[in-house]
Amino acid sequence: RQRLVNRLVDIGLASADPKVKLACLETAVILGDTQAFELLKDIIAQNNSDLTLQAIQKIARITSSNTISGRMAVELLVSGYYDLINRWKRTQTPAYRTLADQITHILEGIKNQRSLPVIRGLLDSSEPDLVLSAVRILSNIGEKEDIFTLRTLLGRVENESLREEIKTAIETLRTTLDFRD
């Protein structure tokens, strides 16, 4: 199996055909292979917004799977976000920002419990959009421990709109989890 995945990744990286790259990326993610990160970076490096958007959409379909590949897909989206946002900061090319925003919207729809460690890690991000997405995800699928995590975050955040989102998430979790403190 690993040899097959390695071969698929090699084909995807070597191919100039966008459809081949996308098929190899999707297969590598489904099989849970970490080399999918390299494939996504390669696709983003192509500077083809349509191709990158298709890759993001393919990965997004996998995020709902409550499997290891679902968690990996979430990690892949986060990695892609950072890559795109850094490109946008360097070049100020609007397409990169638009694609990064697509990823934050996709992340907010995640219902995969296995992705919680990745989502919790986003709370420490220097990117406010990712922090906001993480807060919104946690309000939907978080656990009791996330109430305390969000309270700690609330003490560090100065942005008033983000503070309101955090307060709403805390209250949603308290209600959903029937948590009294």
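For the structure, see preceding data.
Model, not experiment: these values are computed from the prediction. (Residues numbered from 1 in each chain as written. Predicted model: local features only at pLDDT ≥ 70, side-chain atom pairs only at ≥ 80, totals over all residues. Heavy atoms only, no water.)

Engineer: Account for the pattern of salt bridges, with residues named and values stated.
Structural biologist: Where side chains of opposite charge bring their charged atoms close, a pairing between them can arise. The final tally for this structure, using the stated rule, is 15 salt bridges. One salt bridge in this structure joins Arg 71 and Glu 75, with 3.4 Å as the shortest N-O distance. Taken as a pair, Arg 71 and Glu 75 lie in helix 5 (residues 68-91) at a separation of 4 residues, close to a single helical turn. Look at Arg 71 and you get partly exposed, because its relative accessible area is 29%. The partner of Arg 120 in a salt bridge is Glu 145, and the shortest N-O contact between them spans 3.7 Å. Placement of Arg 120 in helix 7 (residues 116-122) and of Glu 145 in helix 9 (residues 144-156) is noted, with a sequence separation of 25 residues between them. (Salt bridge = Lys/Arg side-chain N within 4 Å of Asp/Glu carboxyl O. Helix = DSSP H or I, 4+ residues; strand = E, 2+ residues; numbered from the N terminus. Buried < 20%, exposed > 50% of the residue type's maximum accessible area, 1.4 Å probe, protein only.)

Engineer: If you had to explain the environment of Ser 133 to someone new, which residues and values would you point to?
Structural biologist: For Ser 133, the location among the structural elements is in helix 8 (residues 128-141). According to the relative accessible area criterion, Ser 133 is buried, its value standing at 0%. Sequence spacing of Ser 133 and Leu 107 is 26 residues, and the spatial spacing of their C-alpha atoms is 6.6 Å. With residues up to four places along the chain from it excluded, the contact list for Ser 133 reads Thr 104 and Glu 108. (Contact = heavy atoms within 4.5 Å.)

Engineer: Tell me about the packing of aromatic side chains, residues and numbers included.
Structural biologist: Under the definition given, this model contains 2 aromatic pairs. On the numbers, 6.0 Å between centres and 80 degrees between planes, the contact of Tyr 81 with Tyr 82 is edge-to-face. By relative accessible area, Tyr 82 is classed as partly exposed at 30%. Measuring from ring centre to ring centre gives 5.6 Å for Phe 148 and Phe 179, while their planes differ by 90 degrees; the resulting arrangement is edge-to-face. Linking Phe 148 in helix 9 with Phe 179 in the segment after helix 10 (160-176), this pair joins segments that are 31 residues apart in sequence. (Phe/Tyr/Trp six-rings, centres within 6.5 Å; stacked < 30°, edge-to-face > 60°.)

In short, shape yes, function no, at least from these values alone.
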